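Tertiary structure, described
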Amino acid sequence: MTSGQKSSSAIIVGAGIGGLTAAVALRRIGWSVTVLERAPIIAEVGAGLTLWPNAMSALAALELDGKVEARAVRTISRGNVRTPRGGWIRRSHAEDVGVLAVHRAELHAVLRSMLPESALHTDAEVLSVDGQKVLCRCAGEEHELTADLVVAADGVNSLVRRTLWSGAAVFQGRTAWRGVTASGSVWPVEESLTLGRGIQAGVLPLPDERVYWFVTANAAEANREYTDEQAEVLRHVQGWHDPIPALIRATPPDQVLHNDLVDIDPLDTFVRGTVVLLGDAAHAMTPDLGQGACQAIEDAVVLAASLTDNDLDSGLAEYDRVRRARVQPMTAAARASVRRSSSTSRLAHFGTTVAARLVPPAKWRAMTARWSDWQAPKLP
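Structural notes, computed from the coordinates. (Residues numbered from 1 in each chain as written. Predicted model: local features only at pLDDT ≥ 70, side-chain atom pairs only at ≥ 80, totals over all residues. Heavy atoms only, no water.)

1. Comments concerning the overall build of the protein chain
Helix and strand counts for the protein chain stand at twelve helices and 19 strands. Over its C-alpha trace the protein chain gives a radius of gyration of 21 Å, about what one expects of a compact globule, namely 21 Å for 380 residues. Along the first, second and third principal axes, the C-alpha set of the protein chain runs to 60 × 45 × 40 Å. Sorting the 380 residues of the protein chain into buried and exposed places 53% on the buried side. Long-range pairs, those at least 24 residues apart, make up 73% of the contacts in the protein chain between residues at least 6 apart in sequence. Here the protein chain displays about 16,700 Å² of accessible surface, and carbon together with sulfur accounts for 49% of that area. Taken as two groups, the 39 positive and 42 negative side-chain charges of the protein chain have centres that lie 8 Å from each other. (Helix = DSSP H or I, 4+ residues; strand = E, 2+ residues; numbered from the N terminus. Rg over C-alpha atoms; globule rule 2.2 N^0.38 Å. Buried < 20%, exposed > 50% of the residue type's maximum accessible area, 1.4 Å probe, protein only. Contact = heavy atoms within 4.5 Å. Areas by Shrake-Rupley, 256 points an atom, 1.4 Å probe, with all protein chains shown as cover. Lys, Arg positive; Asp, Glu negative; His and termini not counted. Charge placed at Lys NZ, Arg CZ, Asp CG, Glu CD.)

Here it is as structure tokens:
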């Protein structure tokens with residue numbers, strides 16, 4: 001069966017950014033798709049994210065770039081760098097790479113709008129995958145589904161990956177708090193990244209006068225929860241410059257998200273027969289480069305492009321070759337960044353701030369352009 005035939009079908013496990021983008025991309029090349037999402041409802045969860053030019057190129061291949069841009073704020077990620085007391089280490093330059101800041105729920109909504117309601121099934125827990133067969137529990141009843149292709153987009157703790165491959169999530173000794181303020185509660189703000197010793201804080205404006213913030217810090221153990229997550233993150237940035245504490249306080253306490261930073265070790269392949277890994281299931285990386293969601297979007301478009309003019313086996317082989325070569329160096333670079341940002345050494349921190357202050361704008365851009373200067377393949 002050739003991939004371009006309309007009879008081709010795919011089961012996509014997971015309705016996150018990667019899974020939904022894959023569904024949109026595969027439908028664009030004529031495939032029928034079934035998306036299985038374990039959650040009983042698709043809620044507006046999550047916080048903000050940045051879409052770099054590479055992700056926007058992939059969305060443009062799906063003719064979704066304009067719709068996403070209408071729900072985003074154009075800014076420069078990591079252009080403004082500050083000290084905890086508020087001093088400027090670096091200011092953004094015209095040469096810096098521009099990004100779009102968007103709430104995850106808004107991007108999710110754009111992708112969902114491109115799919116028929118019949119394609120998305122919630123409360124559908126995948127129990128096992130055996131080649132082209134997927135056993136799932138849907139609304140309490142077990143069903144066996146079959147398709148030409150199974151796309152595992154079920155995240156860093158992917159059941160499919162842990163079953164057919166190996167590779168549990170690897171805790172990187174860091175934890176993160178994130179949140180989005182209520183509209184107009186702290187406004188205006190300027191994009192910034194604040195560097196402390198072992199602690200970082202980021203600020204990104206969103207549409208509707210909302211602000212996405214995050215704080216990352218070292219953690220001695222994984223999976224630690226706090227009775228008051230808001231108070232705990234405020235403790236980490238006590239005495240830091242405005243508007244960081246104000247942003248945290250302006251976020252409803254039950255909407256302060258806390259997650260450990262994890263990734264997975266490199267896999268020798270993203271494909272097992274007719275099962276393919278996509279997004280965090282394939283190459284979860286720490287958020288240090290801001291490319292996690294971007295790479296899931298890239299995956300989806302490259303998968304569809306690879307299947308357009310090839311038979312299924314050849315197309316999956318091409319996807320595997322192209323995507324591993326692209327994302328695995330990026331995952332390694334993100335890990336290296338974790339090691340640098342986790343250092344509490346005064347000397348190391350001084351070296352980091354001096355380097356950020358003195359690096360020429362052209363070199364600063366080149367550091368991010370290595371990942372962001374990517375063009376998506378064309379789709380029919």
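2. Let's talk about unusual backbone geometry
With an omega of 0 degrees, the peptide bond between W187 and P188 qualifies as cis. Inspection of the secondary structure puts P188 in the loop between β13 (170-180) and β14 (192-195). Here D242 and P243 are connected by a cis peptide whose omega angle stands at 10 degrees. Summarising the element assignment, P243 is placed in the loop between α6 (229-236) and α7 (244-249). Its identity as a non-glycine residue notwithstanding, A139 has a phi of 55 degrees, on the positive side. Considering the arrangement of structural elements, one finds A139 in the loop between β10 (133-138) and β11 (141-146).

3. Focus: the sheet that holds strand β8 (residues 120-121)
The strand order across the open sheet formed by six strands is β8-β2-β1-β12-β19-β18, and the pairing between neighbours is mixed. A single partner strand is all that each edge strand has here, and the edge strands are β8 and β18 (271-272). Of the pairings in the sheet, the one linking β18 to strand β19 (residues 275-277) comprises two bridges and is antiparallel in character. Counted as the bridge partner of R272 is V275 from β19. (Pairing = 2+ DSSP bridges.)

4. Some remarks on the sheet that holds strand β7 (residues 99-103)
Taken in spatial order, the three strands make up an open sheet running β3-β7-β4, and their pairing is antiparallel. Bordering the open sheet on either side are β3 (48-51) and β4 (73-75), each of which pairs with just one other strand. For this sheet, the mean inter-axis angle between neighbouring strands, taken without regard to orientation, is 35 degrees. By the bridge criterion, four bridges tie β3 to β7 in an arrangement that is antiparallel. Its bridge partner being in β7, T50 is matched across the sheet by A101. Running at roughly 90 degrees to β7, helix α4 (residues 104-113) makes contact with β3 and β7 of the sheet. (Axes fitted to C-alpha atoms, helices over the stretch in contact; angles between N-to-C directions.)

5. Let's talk about the pattern of salt bridges
Per the counting criterion, the structure on display carries 15 salt bridges. A salt bridge links E142 to R137, with the shortest nitrogen-to-oxygen separation between them at 3.8 Å. Here R365 and D373 are joined by a salt bridge, their closest N and O atoms 3.3 Å apart. R365 gets classed as partly exposed once you look at its relative accessible area, which sits at 30%. D373 gets classed as partly exposed once you look at its relative accessible area, which sits at 48%. Salt bridges sharing common partners tie together E298, D299, R323 and R326. (Salt bridge = Lys/Arg side-chain N within 4 Å of Asp/Glu carboxyl O.)

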